[in-house]
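Residue-level listing of the chains:
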Amino acid sequence: MKYHPPRYPAAPVAKSGAHHKVVVAGGGLVGLTLALDLAQRGIGVVLLDDEDTVSVGSRAICFAKRTLEIYDRLGLGERIFEKGVTWNTGKIFFQKREIYGFDLLPDSGHHYPAFINLQQYYVEEWLVEACQAAGVDLRWKHRVVSVANHPDHVALRIETPAGAYDLTCAWLLACDGARSTVREAMALPFVGRAFPDRFLIADVEMKAPFPSERWFWFDPPFHRGQSVLLHRQADDIWRIDFQLGPDADPEEERKPERVIPRVRAMLGDTPFALDWVSVYTFRCRRLEKFVHGRVIFAGDAAHQVSPFGARGGNGGVQDADNLAWKLAAILDGSGDERLLASYDSERIAAADENILHSTRSTDFISPKSDAIRAYRDATLLLGAHFEFARRLVNSGRLSQPAILRESPLNDPRAAGWQGAPALGSPAIDAPIRHRGRKTWLLRHLGGQHFTLMAFAPVAGEMRAALRAVGIETVVIADRESGDGEDDVLIDSEGLVRRRYGFKEGGGILFRPDQHVASVMTRPDYAAAVRVYCLAGGALAEIAA
């Protein structure tokens, strides 16, 4: 491989009987993200992983805009942006012809693009560094082998190469992947579908003239009857996914003498070298619940989808973003355990959406009968000429952040206005000026607190009252007169007002994870702002 992942020293066997606030099982993308988020909120975290290195191969490579915004808050967004390959455009091919192309982010004025392609091992390595700097207790080659879930704690048995030990924790966060040992120890079943088709991933190193776009072929002449996906990554690495069919022998198909002719048929005379090869099948399924007493599941340990649409890794990072602020509130006493019911309902709804899209894309990519294949092929041909047919083509509906429409944390009395964001939707970024410098709106919304974004000045006593219950305030202004004040953001290009439907005197309340909790039209914020008080997790009104 071109990349040689670092190996981390195995932590010594700990003394049995220690108690910790939070233990994260699994040092992959999701576990590291969750550990870092909690640590940056001042929560002590122990992370256990049964390996001693980050992942190998490209694996999750497509980091969506919302995921990049989450990593920006955690201090890694710019690093991913600088190293990765930016892309907004995709193209669909059928047999020998290009059917159509699409732009995932046609509107300018966003900090991050629709997607950045970057091998998962880079992001994991940087997450490890950030976790170390934040004080996370990283324990490599420590495998969870038994779990006892009690009303007030979780008891774990840990095995290491040097021996076993026991520990307890207030909360166990199971982020240990599709083959989760925590899930196995608790005998929790999945519900959903398994797909028999096999796919080959070939990471190849090459200097190629192809643009940085997502190219998807149905029934190409170089791989007849199947599908192929091409993505560019960093370091001149290109990922190619070949559909093989359900009868393919995975051991045979990953041999270089089988892989190289497939790649050669696709690339012609372009020189290349194999970097990493894997054969996979996939499942679209999830746990019935994600919260089981004091054990909480996230990422592939909780739900699994096909790779088409880049919904696995991105969905897992959004699990972490949703859970971290809620668990931190519980642990610091500003919230209670009822907040976890919202994690369960919100992320199950998001998982169901991802599973639905992944199942539909898989059925379109892999027709199960001649009649369905004929329908699929006719849809592709019509897509070359008609927009309605393009909406039916499904090579993987690409990852979008979940809109938490049915969240129990949404303000049921929110008034809203035409053009206002929907309750539960994620914040939309826009360029602003703050204290004389250009920056981005999302850097001033959420994070550690609820944030009220107001389209009119807010009286000082009202700001103080809001801050007393955990709500910060920012004011959107369209002139430079307020520039230099801490809570005034200058809408320098008018995009904040356009993207949020601007209502004079109105305001939007964002959660710490930057989802919309309330939309208000009345200028009397003392009477109109309704928020969830984290202490108690119940709806409360801020009285005038």
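Just so it is clear, the model here is predicted, and its values are computed rather than measured. Throughout, residues of each chain are indexed from 1 in the direction in which the sequence is written. Whole-chain, interface and lining totals are the exception, using all residues; otherwise, since this is a predicted model, local features are given only for residues with pLDDT of at least 70 and side-chain atom pairs are given and counted only at 80 or more. Hydrogen atoms and water are omitted, and side-chain values are computed over all heavy atoms in the structure.

A.B. asks: Requested: an account of the overall build of the protein, with residues and values cited.
C.D. replies: Secondary structure is summarised from DSSP: a helix means a run of H or I of at least four residues, a strand means a run of E of at least two, and numbering begins at the N terminus for each. Per the secondary structure count, the protein includes 14 helices and 28 strands. Atoms counted for the radius of gyration: C-alpha only. Globule rule: 2.2 Å times residue count to the power 0.38. Expected size for 544 residues packed as a compact globule is a radius of gyration near 24 Å; at 24 Å, the protein falls within 12% of this value. With the principal axes as the frame, the protein shows a C-alpha extent of 75 × 65 × 40 Å. With 544 residues in all, the protein has 57% of them scored as buried. Between two residues, a contact is recorded if the distance between any of their heavy atoms is within 4.5 Å. In the protein, once contacts between residues fewer than 6 apart in sequence are set aside, the share between residues at least 24 apart is 70%. In the form shown here, the protein has an accessible surface area of approximately 21800 Å², with 50% of it arising from carbon and sulfur atoms. Across the protein, 65 positive and 69 negative side-chain charges occur, with their mean positions spaced 3 Å apart. Buried residues are those whose accessible area, probed at 1.4 Å on protein chains only, stays under 20% of the maximum for their type, while exposed residues exceed 50% and partly exposed ones sit between those limits. To be clear on the numbers: accessible area is Shrake-Rupley with a 1.4 Å probe, and residue cover counts the displayed protein chains and nothing else. Two residue types count as positive, namely Lys and Arg, and two as negative, namely Asp and Glu; His and chain ends fall outside the count. All charge positions are set by atom: Lys at NZ, Arg at CZ, Asp at CG, Glu at CD.

A.B. asks: Explain the sheet that holds strand S4 (residues 85-87) to me, using residue names and the numbers behind them.
C.D. replies: Ordered by their spatial adjacency, three strands build an open sheet running S3-S7-S4, and the pairing between neighbours is antiparallel. On the outer flanks of this sheet lie strand S3 (62-64) and S4, each paired with one strand and no other. Averaged over all pairs of adjacent strands, the angle between strand axes in this sheet comes to 30°, irrespective of strand direction. Strand pairing follows a simple DSSP-based rule, namely that at least 2 bridges must link the two strands. Lines fitted to C-alpha atoms define the axes, with helix axes restricted to the stretch in contact, and inter-axis angles between N-to-C directions lie between 0 and 180 degrees.

A.B. asks: An account of the environment of Arg 193 is needed here, citing residue identities and associated values.
C.D. replies: Structurally, the position occupied by Arg 193 is in strand S12 (residues 190-205). Take Arg 193: its relative accessible area is 38%, and that puts it in the partly exposed class. When the C-alpha positions of Arg 193 and Thr 359 are compared, they lie 8.4 Å apart, and in sequence the two are 166 residues distant. If sequence neighbours within four positions are ignored, Arg 193 has contacts with Arg 283, Cys 284, Arg 285, Thr 359 and Asp 363. In terms of polar contacts, Arg 193 uses its side chain to reach the side chain of Asp 363, at 3.5 Å. Throughout this description, a polar contact denotes any pair of N or O atoms lying within 3.5 Å of each other; where both atoms belong to protein, one of them has to be capable of donating a hydrogen while the other can accept it, and for residues adjacent in sequence the pair is counted only when both atoms sit in side chains.

A.B. asks: Describe the side chain of Ser 518, naming the residues involved and giving the relevant values.
C.D. replies: Considering the arrangement of structural elements, one finds Ser 518 in strand S26 (residues 516-520). Relative accessible area serves as the criterion here: at 0%, Ser 518 is assigned to the buried category. One polar contact links Ser 518 to Asp 411, side chain to side chain, over a distance of 2.9 Å.

A.B. asks: Provide a residue-level description of helix H4 (residues 120-134), including the pertinent values.
C.D. replies: Under the 1.5 Å per step criterion, the end-to-end length of H4 is 21 Å for 15 residues, consistent within 8% with the ideal 21 Å. The element H4 is extensively covered by neighbouring structure, given that eleven of its 15 residues are classed as buried. Among the residues of H4, those classed as buried are Gln 120, Tyr 121, Tyr 122, Val 123, Glu 124, Glu 125, Trp 126, Leu 127, Val 128, Ala 130 and Cys 131. In this fold, the buried residues of H4 make contact with helix H1 (29-40), S3, helix H2 (65-73), helix H3 (77-83) and strand S8 (137-140). By this rule the span expected of a helix is its residue count minus one, scaled by 1.5 Å.

A.B. asks: Which residues make up helix H10 (residues 370-383), and what values go with them?
C.D. replies: The first and last C-alpha atoms of H10 sit 20 Å apart over 14 residues, in line with the 20 Å expected at 1.5 Å per residue. Taken together, the buried positions of H10 are occupied by Arg 376, Asp 377, Thr 379, Leu 380 and Gly 383. All buried residues of H10 fall inside an arc of 155° around its axis, so they share one side. Along H10, exposed side chains directed more than 90 degrees from the buried face belong to Asp 370 and Ala 371. Here the buried face of H10 lies against strand S5 (89-94), strand S6 (97-103), strand S13 (214-218), helix H9 (339-365) and helix H11 (387-390). It is the directions from the helix axis to the C-beta atoms whose arc is reported.

A.B. asks: Before we move on, can you summarise the pattern of salt bridges with the specific residues and values?
C.D. replies: A carboxyl oxygen of Asp or Glu within 4 Å of a side-chain nitrogen of Lys or Arg is what we treat as a salt bridge. Inspection of the entire model under this criterion finds 38 salt bridges. Note that Arg 139 and Asp 137 form a salt bridge whose closest N and O atoms lie 2.9 Å from each other. Here Asp 363 makes a salt bridge to Arg 193, at a shortest N to O gap of 3.5 Å. A residue pair is termed long-range when its members are at least 10 positions apart, and Asp 363 in helix H9 and Arg 193 in strand S12 qualify at 170 residues. Residue Asp 363 is classed as partly exposed on the basis of its relative accessible area, which comes to 29%. Several salt bridges converge on common partners, so that one network encompasses Asp 37, Arg 41, Lys 65, Arg 66, Glu 69, Arg 73 and Asp 321.

A.B. asks: Now, about the nonpolar core: what can you tell me, with residues and values included?
C.D. replies: The criterion is simple. A nonpolar core is a set of buried Ala, Val, Leu, Ile, Met, Phe, Trp, Tyr and Cys residues joined through side-chain atoms within 4.5 Å. Membership of the largest hydrophobic core comes to 95 residues, with the highest contact counts inside it found for Leu 38, Tyr 71, Leu 156, Leu 172, Leu 173, Val 182 and Phe 297. Looking at which element gives the most residues to this core, the answer is helix H8 (residues 312-332), with nine residues. With near-sequence residues (within four places) excluded, Tyr 71 lies in contact with Leu 29, Thr 33, Phe 63, Leu 76, Gly 77, Ile 80, Val 123, Leu 127 and Val 317. Ranked by size, the runner-up nonpolar core spans 22 residues in total, among them Tyr 100, Phe 218, Tyr 280 and Ile 355.

A.B. asks: So what about the environment of Phe 195? Which residues, and what values?
C.D. replies: Residue position: Phe 195 is located in strand S12. Owing to a relative accessible area of 5%, Phe 195 belongs among the buried residues under this scheme. Here the alpha-carbon distance between Phe 195 and Leu 172, two residues 23 residues apart in the chain, equals 31 Å. Setting aside its immediate chain neighbours within four residues, Phe 195 contacts Thr 281, Phe 282, Cys 284, Thr 359, Thr 362 and Asp 363.

A.B. asks: Hey, could you go over the packing of H8 against H9 for me, with residue numbers and the actual values?
C.D. replies: For any two helices packed against each other, one specifies the crossing angle of their axes together with the interaxial distance. Where H8 meets H9, the closest approach of the two axes is 10 Å, and the angle between their N-to-C directions is 175°. Here H8 lies roughly antiparallel to H9, going by the angle between them. Contact residues: H8 offers Gly 315, Gln 318, Asp 319, Asn 322, Leu 323, Lys 326, Ala 329 and Ile 330, while H9 offers Leu 339, Leu 340, Ser 342, Tyr 343, Glu 346, Arg 347 and Asn 354. Looking at the contact of H8 with H9 residue by residue, the classes come out as six nonpolar, five polar and four charged. What sets the label is the angle itself: under 35 degrees gives roughly parallel, over 145 gives roughly antiparallel, 65 to 115 gives roughly perpendicular, and the rest give oblique. Residues are grouped as follows: nonpolar covers Ala, Val, Leu, Ile, Met, Phe, Trp, Tyr, Cys and Pro; charged covers Asp, Glu, Lys and Arg; every other residue, Gly included, is treated as polar.

A.B. asks: How would you sum up the packing of aromatic side chains? Please name residues and give values.
C.D. replies: Here is the rule: rings of Phe, Tyr and Trp (six-membered ring for Trp) pair when centre to centre is within 6.5 Å. Planes less than 30 degrees apart are stacked, more than 60 are edge-to-face, and the remainder are tilted. The final tally for this structure, using the stated rule, is 25 aromatic pairs. Aromatic side chains Trp 87 and Phe 115 sit 4.9 Å apart centroid to centroid with 15° between the ring planes, which places their arrangement in the stacked category. With a gap of 28 residues between them, Trp 87 in strand S4 and Phe 115 in strand S7 (residues 115-117) connect regions that are remote in the sequence. Accessibility classification places Trp 87 together with Phe 115 in one group, the buried group. What links up through ring pairs into an aromatic cluster is the set Phe 93, Phe 210, Trp 215, Trp 217, Phe 222 and Trp 238. Only lysine NZ and arginine CZ atoms are considered, and such an atom sits over a ring when it is within 6 Å of the ring centre and within 35 degrees of the ring normal. Positioned over the ring face of Phe 502 is Arg 497, at 4.0 Å from the centre of the ring.

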